[in-house]
Amino acid sequence: MEYIAHRGASAYAPENTLDAFELALSMGMSSLELDIQLSADGELVVHHDLDLKRTAGADVKIADCGYAGLLRYDVAAHFPGAKRPQRIPTLAQALALVGGRGFVNVEIKNDRGIYAGIEHKLLEVLRTCGNGWPRRAAVSSFYHPSLETVRRLDPEIKIGVLASSSVSIGDAVALAVRLRAESVNINARRFTPEAARAAHSRGLKMLLYTVNDRRRARELESMGADGIFTNNPDICQDGWNKTGGTDD
Ligand code: G3P
Ligand code: CA
């Protein structure tokens, strides 16, 4: 089974920061997940929420702030025991840090299409960052028009169709087939062996988020899951002896 460090090793370092990505790699992970958005001046930045309230305690929307302005905030402020302040990284910085060491699942946050042109910028960054990035990345999104655009712009890139609870497994599989995607990605809580069979019968993988408990991960694997996104990368390493966290 594939284990993907969700927002980096986000149980142990502030999510979606360079520290979280470096820690995940140092824990032996070769796959990372991160979220991207566009700043007001068109920089692709790595952050999950549309604003900085939760991470930095600042009522600032990413879409309304230029990148230089975003750099004023410490996005590690929410994280107990953070080693040091962290600035919101650009996608290019995150890819440069990973270098040739890993595979990255890039989730486009683009609800209601708020970030016009984000797909084009993503492919541009992947193509100009070296290290063979387009072929060592997968693009995922709950906002399916973004995935349609990505496929139109790049016939080869790996795609994961993220399906929220409002999208049936059947519809997600059908879209994934149409987009020639690699996987359907769903919340682990709605996973069933039938869902796995529906994906597998069309040559698709099924990836589950977010699983932070070692036993649960093994159970899901035995039920047919192909991979999990986890905040606790140590759950896949027998040599580590930490307790897995709570699933969310
Ligand atoms: O890509 C899996 C997972 O990251 C999707 O949910 O809210 O954590 O971005 P979220
Ligand atoms: Ca995500």
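Source: prediction; values computed, not measured.

Rules used throughout
Residues numbered from 1 in each chain as written. Chains lettered and ligands numbered in written order. Predicted model: local features only at pLDDT ≥ 70, side-chain atom pairs only at ≥ 80, totals over all residues. Heavy atoms only, no water. Donors = N, O, S within 2.8 Å, 3.2 Å for Na, K, Ca; no water. Buried < 20%, exposed > 50% of the residue type's maximum accessible area, 1.4 Å probe, protein only. Helix = DSSP H or I, 4+ residues; strand = E, 2+ residues; numbered from the N terminus. Contact = heavy atoms within 4.5 Å. Salt bridge = Lys/Arg side-chain N within 4 Å of Asp/Glu carboxyl O.

1. Let's talk about the coordination of the calcium ion (ligand 2)
- Each protein donor to the calcium ion (ligand 2) is listed here as Glu-33 (OE), Asp-35 (OD) and Glu-107 (OE); together their distances run 2.1 to 2.2 Å.
- Motif for the calcium ion (ligand 2), donor spacing along one chain: E-x1-D-x71-E.
- Under the relative-accessibility criterion, Glu-33 is labelled buried at 3%.

2. Examining the side chain of Thr-17
- Looking at the element boundaries, Thr-17 is found in the loop between β1 (2-6) and α1 (18-26).
- Discounting residues that sit within four places of it in the chain, Thr-17 has contacts with Val-75, Gln-86 and Pro-89.

3. Some remarks on the pattern of salt bridges
- Scanning the model with the defined rule gives 16 salt bridges in all.
- With its nearest N and O atoms 3.1 Å apart, the salt bridge here joins Glu-15 to Arg-7. Each member of the pair, Glu-15 as well as Arg-7, carries the same accessibility label: buried.
- Each of Arg-7, Glu-15, Asp-49 and Arg-54 takes part in salt bridges that share partners, so that together they form one network.

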